[in-house]
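Here is what each chain is made of, one letter per residue.
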Amino acid sequence: MNLVESHMLVKKFGDFTAVNEVNLQIPDGMCFGLLGPNGAGKSTFISMIYGVCKRTSGHIRVFGKDPNTYGREIRQQLGIVTQDNYLDKEMNVYENMVLYAKLMGVPKDEVAKRIDELLDFMSLTHKKKAPIMALSGGMQRRLVFVRALLGNPRMVILDEPTTGLDPAVRHLLWEKVNELKRRGVTVLITTHYMDEAQNLCDDIVVMDEGKVREQGSPKSLINKHCPGYMAFVSDSEENLQKFSRRQDSSTALEIIREQNVLALRSNDMANLQIHLKNADVDPILIRPTNLEDVFLKITGRELSQNA
């Protein structure tokens, strides 16, 4: 079953087309990733799921309903982690959650139990009575996850959920997202962290300039667009010529000129090492290809550019 379905979905702001004929299906129970640079149309698409942004044309259904008509009902079944925390600094942790539980329509006799269970789930029980200003940035982010889950949502939307957090907190939140998936909760995530998308997402859509450019699992996208390994060497005309003149059909090597480096890609590690040895060039780094390489191949620029 698809929780979200869109067909030829378009959103225009004046002469600017933010979302351009997007066809997407988000199945129940998976982690679905939306990748793209700022201005790609991700946030606009998500706001149409909420029903707070009205489409210009096309169709979208969320839980089988039109968000333009049933936006309030749809939002009651969504948990949303926005880029900003928006916590009331005049209240403590528990008071914040009680207020939001009321807004979400959580039954009065379930509020305290649900808050306690979710604070425990996010390892925040010891901060139950703490003022918001006493929480670290990572704790505030975890509390926003608690808030998003209070209504027992069918789908959770995570908009850049770990931006600015240290690695330990990021990995903790990854564990919680995976736990939500195991519980059958559908997750929609936007992120600029490629390791995050690769670790969490079952399926990924790459958007650019309002259009869907590619879709698939992380592994299938890597295998389709840039399988193998990447080596990075200093960018110079001498190095470029060294590798360019050694090209032939039996030793295929893709050469990509990036900022201050040459990126060399080969399907085979041994072949890549032979090219480096024959050119007498020491690599700065060798690694397996990843989603960052996929994005660069599809859009012509790095995902983190202008992020």
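Above this note sits the structure.
Here's what I pulled together on the structure shown here. It should be emphasised that the depicted structure is a prediction, and the values quoted were computed from it without experimental measurement.

### Examining the overall build of the chain
A tally of helices and strands in the chain yields 11 helices and 13 strands. Along the first, second and third principal axes, the C-alpha atoms of the chain reach 75 × 45 × 35 Å. Buried positions account for 52% of the 307 residues belonging to the chain. Within the chain, contacts between residues at least 6 apart in sequence are counted, and of these 67% link residues at least 24 apart. About 14,700 Å² of surface is accessible on the chain, with carbon and sulfur atoms providing 47% of the total. The average position of the 39 basic charges and that of the 39 acidic charges among the side chains of the chain differ by 5 Å.

### Some remarks on the pattern of salt bridges
It is possible for side chains of opposite charge to pair when their charged atoms get near one another. Per the counting criterion, the structure on display carries 17 salt bridges. Across the pair Asp195 and Arg170 runs a salt bridge whose closest N-O atoms are separated by 3.0 Å. On the criterion of sequence distance, the pair formed by Asp195 in helix α7 (residues 194–200) and Arg170 in helix α6 (residues 167–182) is long-range, its members being 25 residues apart. Overall, Arg170 belongs to the buried group, its relative accessible area being 10%. Three or more residues joined by partner-sharing salt bridges are found here, namely Arg55, Arg61 and Asp66.

### What about the sheet that holds strand β2 (residues 16–27)?
The strand order across the open sheet formed by 3 strands is β2-β1-β4, and the pairing between neighbours is antiparallel. Two strands lie at the open edges of the sheet, namely β2 and β4 (57–62), each paired on one side alone. On average, adjacent strands in this sheet sit at an angle of 15° to one another, irrespective of strand direction. Inspection of the sheet shows strand β1 (residues 2–13) paired to β2 by 8 bridges, in the antiparallel sense. Bridged to Val4 within β2 is Ile26.

Conventions and cut-offs
- Residues numbered from 1 in each chain as written.
- Predicted model: local features only at pLDDT ≥ 70, side-chain atom pairs only at ≥ 80, totals over all residues.
- Heavy atoms only, no water.
- Helix = DSSP H or I, 4+ residues; strand = E, 2+ residues; numbered from the N terminus.
- Buried < 20%, exposed > 50% of the residue type's maximum accessible area, 1.4 Å probe, protein only.
- Contact = heavy atoms within 4.5 Å.
- Areas by Shrake-Rupley, 256 points an atom, 1.4 Å probe, with all protein chains shown as cover.
- Lys, Arg positive; Asp, Glu negative; His and termini not counted.
- Charge placed at Lys NZ, Arg CZ, Asp CG, Glu CD.
- Salt bridge = Lys/Arg side-chain N within 4 Å of Asp/Glu carboxyl O.
- Pairing = 2+ DSSP bridges.
- Axes fitted to C-alpha atoms, helices over the stretch in contact; angles between N-to-C directions.

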